[in-house]
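A look at the structure
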Amino acid sequence: MRFAIHGRKTNENSLNCIQHLLGELRKHQADVKISDTLFTHLKDSLINHPAELVYSSQEGVPDVDFVISVGGDGTLLETVTHIRKKEIPVLGINVGRLGFLATVSQDQITTAINALFQKQYSYDHRTLIETHGTASIPAELNFALNELTVIKKDTSTMIVAHAYLDDRYLNSYWADGLIISTPTGSTGYSLSCGGPVVSPQSSNLIITPISPHNLTVRPLVVSDQSQITIRVESRSDSYLIALDSRSYGVTNEEPFQLRKAPFQVKLIKFEGNDFLETLRQKLNWGLDVRN
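Description of the structure in this document.

Cut-offs applied
- Residues numbered from 1 in each chain as written.
- Predicted model: local features only at pLDDT ≥ 70, side-chain atom pairs only at ≥ 80, totals over all residues.
- Heavy atoms only, no water.
- Helix = DSSP H or I, 4+ residues; strand = E, 2+ residues; numbered from the N terminus.
- Rg over C-alpha atoms; globule rule 2.2 N^0.38 Å.
- Buried < 20%, exposed > 50% of the residue type's maximum accessible area, 1.4 Å probe, protein only.
- Contact = heavy atoms within 4.5 Å.
- Areas by Shrake-Rupley, 256 points an atom, 1.4 Å probe, with all protein chains shown as cover.
- Lys, Arg positive; Asp, Glu negative; His and termini not counted.
- Charge placed at Lys NZ, Arg CZ, Asp CG, Glu CD.
- 1 Å grid on protein atoms, 1.4 Å probe; cavity = no way out; pocket = protein on both sides within 12 Å on 5 of 7 lines; lining within 4 Å.
- Points joined across faces, edges and corners; volume = space filled by probe spheres on them.
- Nonpolar A, V, L, I, M, F, W, Y, C, P; charged D, E, K, R; others polar.

**Focus: the overall build of the protein**
- Regarding its fold elements, the protein presents 6 helices and 17 strands.
- Scaling as 2.2 N^0.38, a compact globule of 291 residues should have a C-alpha radius of gyration of about 19 Å, and the protein matches this with 20 Å.
- With the principal axes as the frame, the protein shows a C-alpha extent of 60 × 50 × 35 Å.
- Counting the 291 residues in the protein, one finds 49% classified as buried.
- For the protein, the proportion of contacts with a sequence separation of at least 24, taken over those separated by at least 6, is 68%.
- Element-wise, carbon and sulfur atoms account for 47% of the exposed surface of the protein, whose accessible area totals about 14200 Å².
- Computed over 27 positive and 31 negative side-chain charges, the inter-centroid distance for the protein is 1 Å.

Below you can see the structure in the form of structure tokens.
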């Protein structure tokens, strides 16, 4: 089998995890390529990996059977930008903190790799959103797994985001910003701004204002078959568009559109690993003395 591995910053904990992971893959005689980002961080460690077995993050992952992300959810989101439209299955090994997407713990690495080779897994298909109409965003990276966020640049002034749903006027959000989230991203930035938790299998998008000036403006759940159009006004004549962890400076210009992407992310899921269990573990649901 062919694997690609991506990771970002390394510390003693993550290095031990990577060493363990590479050891397990060698046991199965797997072909392994790592990202140039991870290779750079491994140079000063005792972990040796051939330079010819390194792929370019800018060019994306080569044709492999699986991609493994080593880190937290932020690393997995970055890994998705390497996979792009290829829909290669991705496994998230969590050496971060919460880990809603990277759900395999370090002590489960051996079990997880064995399960991959024994084909004892399933796929959790996750929706992405993509944007069009903004020249500042590269066409090959115009998508997000968690959310697209329109946010002000200037710390002292609000922006006005005029939103349209399927070409029908929805609202003008006077706020610090506006989040358009997928169900996957409902447990991220949207949640911290008062948005609802939405099941990953729901065919929805969530529109959540950030610190709205009008307190009657609330988050809104819409169908992911809708097209959302946004036109922004800002006193500074510019604002930011963030796609997951990637942000781009944009000047006040023509409206841009958002809609469901025509491809998905295939997260590898093992038996006993589901969204409700993750919620209970990560958000401590059910931890009540009355239970």
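**Here's the deal with empty space enclosed by the protein**
- Tallying each qualifying case throughout the model produces 3 cavities of 30 Å³ or more.
- One number sums up the size of the largest cavity: a volume of about 120 Å³.
- Around the largest cavity, the lining residues are F100, L101, T103, D124, R126, L267, I268, K269, N273, D274, F275 and T278.
- When residues in the lining of the largest cavity are grouped by element, the largest group, 3 residues, is from strand β17 (residues 256-269).
- Here the residues of the lining of the largest cavity sort into 5 nonpolar, 3 polar and 4 charged.

**Examining the layout of surface pockets**
- Reported here for the largest pocket is a volume of approximately 610 Å³.
- Forming the walls of the largest pocket are 30 residues, and the residues nearest its centre are R8, G72, D73, G74 and T75.
- Ranked by residue count, the leading element in the lining of the largest pocket is helix α3 (residues 73-83), at 4 residues.
- Classifying every residue of the lining of the largest pocket gives 9 nonpolar, 15 polar and 6 charged.
- Volume-wise, the second largest pocket comes out at about 360 Å³.

Purely spatial values, then, with no claim about function.
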